[in-house]
Structures are given as C-alpha cells and as structure tokens.
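Summary of the model geometry
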Amino acid sequence: MEPIFFSGNPSFWYETLRTLGHIAYGGADFGEVATTAQRITPGDYDSWHDQWLATADRVAERARTSRAGGHRVSARDGFLRASNYYRCAEFFLQGNAADPRIRHAYDASVACFRTAAKLSTPTIEPIEIPYEDTTLPGYLYHPDDSGLPRPTVVMFNGFDGTAEEMHFFGAAAAVERGYTVLVFDGPGQPGTRHRQGLTFRPDWENVVTPVLDHAVTLPGVDPERTALLGASMGGYLAPRAAAFDRRIAAVVALDGVFDLGDISTAPLALPRAEAERRLRAAHDPGLDTVIETAMAAAPTLTWAIEHGMFAMGTDSPRAFCAAYLDYHLREGIAERISCPVLVCSGEDDGFFKGQPEKLYSHLTCERTFMAFTEEEGAEAHCQSGAQRLAFARVYDWLDAVMTRPAVVRRIGRALAMTGTVVEATDVGDGWSAPTPCPGWDARTTLNHVVGGMRIFAAELTGTDPGGEHHDDWLGTDPTGAYRAAAEADRAAWQHAAATDADLAEAKVRLGFGPVPGPMAALIHLTEVLVHGVDLAVAIDRTDLVDQHLCQDLLTCMQQMDMDAFRRPGMFGPERPASESAPAHARLLAFLGRRV
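Before going into details, it helps to say that this report is about the structure given with it. (Residues numbered from 1 in each chain as written. Predicted model: local features only at pLDDT ≥ 70, side-chain atom pairs only at ≥ 80, totals over all residues. Heavy atoms only, no water.)

1. Remarks on the state of the cysteines
- If you walk through the whole model with that rule in mind, you get zero disulfides.
- Cys339 takes part in no disulfide bond, and the closest cysteine sulfur, belonging to Cys365, lies 6.1 Å away.
- For Cys339, a relative accessible area of 1% puts it in the buried group.
- Here Cys437 is not disulfide-linked; the sulfur of Cys550 is the nearest cysteine sulfur, at 15 Å.
- Its relative accessible area of 10% is what places Cys437 among the buried residues. (Disulfide = S-S within 2.5 Å. Buried < 20%, exposed > 50% of the residue type's maximum accessible area, 1.4 Å probe, protein only.)

Here is the structure:
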C-alpha cells in the first residue's frame, strides 16, 4: 500500500495507518485522523504529540458534553476515539522517559477508555490480576449478561501498545462473536511500566500462569476453552507462555515471532555468536559507537531502541540489544507447544519480516500459517488498516478450534506432547530404554502407538491403514514415522468429529468390534497420552509431560468402571501412589504401571 500520509517517513506512516485501522472497531474517524496528520510536521516528534493531543482533547471534550446531555452512545464513541488519540500523542516521546507529557497523555487515554467502558453494553469491567507482590491491570469483557461460561480469549499487546488499544486489536471483534475476553498489561507494557516500574521479562509463562489462575475464578470464563492472542511482540510472548502452561487451548500469534535476537543483531553485520558475545560484554566502546551511528542514520531504529530501553529497564542501547537476545523460542521451546497455533504474517511487515515463517517451521503441534497480502490491504505489521478482514479470518479459525469436542482437542494436545517426547528420545538415542509398560522398550512402545494412530485414522476416513497393528511402522526413522502418523491422525479426528454432534454419530471399528465415537476417542486419547508418558519416564524427561492433561484423564477414568478394561488385561490393578505425586505418576499407578 502506498502511504496516504507521510510519504518517506515509514514510522509516521505506519502509526497513522495503525490509527486508521482502528476505525473498524470505533477507535478513530477518518476525518479526524486525516486532518490531524495534515497538521503534523513530518519527522517532528513534538509536532506529532501536540497535534494528536489537540485532537484528543477536542474529541474528549465533545464526549463529555454528550455524556452530560444523556447521550450515552455518542459519549461512549467519543471517549473510545479520544483514548486512542491520547495513546498516539505520547507514542514517540519515550526518548526521555521523564517527560511529563508521556504520563499526562497516557493517563488521559486510560481515563477516557474506562469512561467508555462504563458506558458500554455489557459493561467492560476493569480488573486487577494478582501477580507476585502486586497486580496487573486489565479488562474483562462479556458478550452478554448471562454469566454463562463462554470460549475465552486472553490477550495482550506487545512492545509498545496498551491494554486499552487491544479493544480495537481483537477484543471487540471477539466479543461480537460470543467470546469472553480478558485483556491485560504485563510487565514492561504501559500499565505496569508507568505505574509500578515493572519491566519486560522473557519468561512470559510466569506472567500468563497467574493470569490464567485468576481467569478461571471469573464468571463467563471457560477453563477448557481459553486461548491466547498476542499482538506484535505478543506474537513471541503468547507462544512462549503456551510452551509451558498446557491449559491454553489455542494460540494466535499476530504476527508470529521466533527470535528477537535476530532483530537486535541484524544491524551489526557480525556473525551471530560474535554479535551476542559483544552485546553481552561488560564494556565494548567500539560496538557502542556502531550502534549509536546506526541510530543516528535511522530515526525508526532510534525510537525503537529508546523505547526498548524504557520498556526493558536497560541503561544503554547496547544493553537493550543484549536484553532482546533472551526473547526467543529456540532450544526446543517452540516444539513444546501442544495446542493449535495460528501464525499470522503480513507480506510487508516492517518490523518482524521472516519471523512468522521461522516460528511456523519449528512448531510440531497443529499449526496454521495465515498470510495477509498487499492485494488485501493487509500486508502491514499486525494487519494494521485491515482489522475487519484480519479478525474475520483469525476468529473463523479460532471458532473451528473451539467448537471441537473436548476429547478431540485433548487428542491434539496428547499428539503434540508425545511428539515432543519422541523428538527428545531420538536426540538421546533412547529407543532401547525400558518403559513402565511391562516388557516394552521405547521403540516397541512407539511402534504400538504409531500403528494405533494409523489404524484409527484409516477407520475414521474409510481408508486402508497399510498394515496390521503388530507390523513395523517405524522403519529407520521413528521420529519421521511418528510425525507423519500424527498429522494423519489429527486430520482424521478433525474431519470426522469436528463437532460434538459429529462425534456422537461416529462409529469406530476396533479389534473387539464397533465403538461409539466418544468412547473411541477416549480410548485413543488414553493410548497416545499414556504411552507418551511411558516414553517420557523411560528417558527421564517427565518435564515434557502435560500434567494438566494427565490429571484430566485420571479424573475421567476414576469415574468409570475400569474393571471392564482391567479384566482383559489392557491395564493392571491399581497401584498405590502418593497424593502429592505428579499427575502423570498417579495416572500410571492408577493404570497398574510401576513408576
């Protein structure tokens, strides 16, 4: 897309496009944006601030007049737009974190949004989420006043955006589709950075986990169907959290980010290892000069580094670049994700180009790559300027994931978890290791699982599995055999049991006769999950086990007549296990395994 305003200044144009995009969900009006942009001196941060502040003040005052006159809708709409315009006003001022204009505009943005929230129907509720020794600010949205559990999206912004902006970047779109939404600012994001001094941290699972702990106590939240959506740098933060908190049902990375170290080392023209060593060094005046020279030549880089120093809490450009190195999904982190992941990608992303492809290539879970193009007007970072188009495609994907039967979603998680364990077994050459399954080593166990997956997939799709259960399904590449079988198995379940009604109508023919779909799915989940745990125990990698999924299966089995499965020898007599033992150990003991 050719710039409508600020041709020759990518930063000013992108931020204008970002604001224009928020028109879709009430965050701007074209005329207000256009006339403001026309008053701004290109490249002048003070002019940018002054003109956006003037527009925000004018719109907010008109909203106050509407509210005083009892015009609720007009007031709500005005406060929403004013909130976004105040956010714009302070955007480029982070070079001097002590500048009082930052807090003035930020506080005004939050105040306007919270006033709009009170005027919304249903009301958008400000919340405080317990986190370590403080709280995280956020908002809880409901699609109606029923209080019934709904599929839920927990979402957050990225490097420079606010929780309030997420109203236009996904929250409003989700609510109108019937989702409960929880938005929050985490450490390093404006709500916590300005008010509590919290800075970004790479281990975002330690942020999301307490948020989810709190979310499940709130009305309208469905703990079984809670997804994460991360915008911009949130496209790293959301997958990172999902790699370690297995309660997450799906992830939307808008757009996907794999390794922020690529971004901080790219301008240095050094081998990656050398760049990392020098960035982390206690002193490197030469590299300091290189970075400062690059900043002087690129205003966009200057803004990014200055804002990054503020958000990360670092005291020099080099220290910020070094901090970015810790934000990555390398070293098997991406491979740990077990839930479905949607990786979005803008064709002309000016910030993270190439990162979505890297993330997608490392995922071993169910994954979807969603490209947005210039032809669609959606090629920009986070699809700014095309929110209606983007969120239609994003939430159509999420709708399909969230409407699957719970057991089918759990099969997907089990396939991904076991895949991670299989990868670890291959790396350590642990195929001869004995497993808790009596008489079976790791290779025998995996062969049994892969054969079962092939047979189930064939039954569900009406095709030939290509062999008998006892055949050698692994050949010379056990990991490759598992990956191929898992892909076929996952696709078969999603096709044959896309909804609860589909699953209820399904029949699966097993060795002992036809089995109703729900029971067949439970049997298959048990096979994949329990044998995945067997493998993890065999190679001493129980850190890879999905403990939440193990607990869910154990709870389900404890409510069943297990004698029907124990008598034929499928499982042994229950063995004692400590109540404090991990869920996987209690599950294996319940099924007669020695651990």
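2. Quick notes on helix H19 (residues 478-496)
- With 19 residues, H19 extends 27 Å from end C-alpha to end C-alpha; this agrees with the ideal 27 Å at 1.5 Å per step.
- If you check which residues of H19 are buried, you get Pro478, Thr479, Ala481, Tyr482, Ala485, Ala486, Asp489, Arg490, Ala492, Trp493 and Ala496. In a view along the axis of H19, the buried residues occupy a sector of 165°, so they form one face of it. H19 presents Glu487 and His495 as exposed residues on the side facing more than 90 degrees away from its buried surface.
- The elements touched by buried residues of H19 are helix H17 (406-427), helix H18 (442-461), helix H20 (500-505) and helix H21 (517-538). (Helix = DSSP H or I, 4+ residues; strand = E, 2+ residues; numbered from the N terminus. Expected span 1.5 Å × (residues − 1). Arc of directions from axis to C-beta. Contact = heavy atoms within 4.5 Å.)

3. Points about the sheet that holds strand E6 (residues 250-254)
- Spatial strand order, E1-E2-E4-E3-E5-E6-E7-E8: eight strands in an open sheet with mixed pairing. Two strands in the sheet have a free side with no partner beyond their single neighbour: strand E1 (125-131) and strand E8 (367-372). Mean inter-strand twist for the sheet, computed between neighbouring axes without regard to direction, equals 25°.
- The pairing of E1 with strand E2 (residues 134-141) spans seven bridges and is antiparallel. Across the sheet, residue Pro130 finds its bridge partner in E2, namely Thr135. (Pairing = 2+ DSSP bridges. Axes fitted to C-alpha atoms, helices over the stretch in contact; angles between N-to-C directions.)

4. Structural notes on the packing of helix H12 (residues 285-297) against helix H13 (residues 299-312)
- Interhelical geometry of H12 versus H13 gives an angle of 120° and a closest axis separation of 5 Å. The angle between H12 and H13 places the two elements in the oblique class. Residue-level inspection shows Ile291, Ala294, Met295, Ala296 and Ala297 of H12 in contact with H13, the latter providing Pro299, Leu301, Thr302, Ile305 and Glu306.
- When the residues that make up the contact of H12 with H13 are grouped by side-chain class, the tally is eight nonpolar, one polar and one charged. (Parallel < 35°, antiparallel > 145°, perpendicular 65-115°, else oblique. Nonpolar A, V, L, I, M, F, W, Y, C, P; charged D, E, K, R; others polar.)

5. Thoughts on the packing of aromatic side chains
- One pass over the full model with this rule turns up 28 aromatic pairs.
- Here Trp52 and Tyr85 contribute two aromatic rings whose centre-to-centre distance is 5.4 Å and whose plane-to-plane angle is 35°, an arrangement assigned as tilted. You can see Trp52 sitting in helix H3 (residues 45-68) and its partner Tyr85 sitting in helix H4 (residues 72-89), a full 33 residues away along the chain. Neither residue differs from the other here; Trp52 and Tyr85 are each classed as buried.
- Note on Tyr179 and Tyr395: the rings are 5.8 Å apart at their centroids and 40° apart in plane angle, and the pair reads as tilted. Residue Tyr179 is located in the loop between helix H6 (171-175) and strand E4 (180-184), and its partner Tyr395 is located in helix H16 (residues 387-402); the two are separated by 216 residues in the primary sequence.
- Taking the relative accessible area as the measure of exposure, Tyr179 reaches 3% and is therefore buried.
- The aromatic ring of Phe310 is capped on one face by Arg193, whose charged end is 4.6 Å from the ring centroid.
- Positioned above the aromatic ring of Phe372, the side-chain terminus of Arg393 is 4.4 Å from the ring centre. (Phe/Tyr/Trp six-rings, centres within 6.5 Å; stacked < 30°, edge-to-face > 60°. Lys NZ or Arg CZ within 6 Å of the ring centre and 35° of its normal.)

6. Topic: the side chain of Thr180
- You can see Thr180 is positioned in strand E4.
- Judged by relative accessible area, which is 0%, Thr180 ranks as buried.
- In contact with Thr180, not counting residues within four places along its chain, are Leu140, Tyr141, His142, Pro143, Arg150, Pro151, Thr152, Val153, Gly220 and Val221.

7. What to know about the nonpolar core
- The biggest cluster of nonpolar side chains holds 142 residues, and the ones touching the most others in it are Leu182, Phe184 and Tyr395.
- Among the elements that make up this core, the one with the highest residue count is helix H5 (residues 100-119) (nine residues).
- Residues in contact with Tyr395, not counting those within four places in the same chain, are Val153, Met155, Gly170, Ala173, Ala174, Arg177, Tyr179 and Leu229.
- With 57 residues, the next largest nonpolar core counts Val422, Leu544, Met562 and Ala583 among its residues. (Core = buried A, V, L, I, M, F, W, Y, C linked by side-chain atoms within 4.5 Å.)

8. Some details on the pattern of salt bridges
- On inspection of all chains with the given rule, the structure shows 41 salt bridges.
- A salt bridge links Arg280 to Asp326, with the nearest nitrogen and oxygen atoms 2.9 Å apart. Pair noted here: Arg280 is in helix H11 (residues 272-280) and Asp326 is in the loop between helix H14 (317-324) and strand E7 (341-346), with a separation of 46 residues, a long-range link.
- Taking the relative accessible area as the measure of exposure, Asp326 reaches 35% and is therefore partly exposed.
- The salt bridge involving Glu459 is made with Arg509; its shortest N-O contact spans 2.8 Å. With Glu459 in helix H18 and Arg509 in strand E9 (residues 507-510), this pair connects stretches of sequence that are 50 residues apart. (Salt bridge = Lys/Arg side-chain N within 4 Å of Asp/Glu carboxyl O.)

9. A word on H12
- In a regular helix each residue adds 1.5 Å, so 13 residues correspond to 18 Å; H12 covers 19 Å between its end C-alpha atoms and thus fits that length.
- Taken together, the buried positions of H12 are occupied by Leu287, Ile291 and Met295. End-on, the buried residues of H12 take up no more than an arc of 80°, which puts them together on one face. With respect to the buried face of H12, the exposed residues turned more than 90 degrees away are Pro285, Ala296 and Ala297.
- Contact partners of the buried residues in H12: H11, H13 and H14.

10. Concerning the environment of Gln551
- Relative to the helices and strands, Gln551 is located in helix H22 (residues 547-558).
- As for Gln551 and His584, which are separated by 33 residues in sequence, their C-alpha atoms are 7.3 Å apart.

11. Some details on the packing of H19 against H21
- Packing of H19 against H21 brings their axes to within 13 Å, and their N-to-C directions diverge by 160°. With respect to their mutual orientation, H19 and H21 come out roughly antiparallel. Here the hand of the crossing between H19 and H21 comes out left-handed. Each of Tyr482, Asp489 and Trp493 in H19 lies in contact with H21, whose residues at this interface are Ala520, Ala521, His524 and Val528. (Left-handed = near helix turned anticlockwise from the far one by under 90°.)

12. Structural notes on the pairing of strand E3 (residues 150-156)
- Taking burial as the measure, the seven residues of E3 include six buried ones, the bulk of the element.
- In the sheet, E3 pairs with strand E5 (residues 221-231) via six bridges, with the strands oriented parallel. Each residue of the ladder has a partner; that of Thr152, found in E5, is Thr226.
- Pairing between E3 and E4: four bridges, direction parallel. Its bridge partner being in E4, Val153 is matched across the sheet by Val181.

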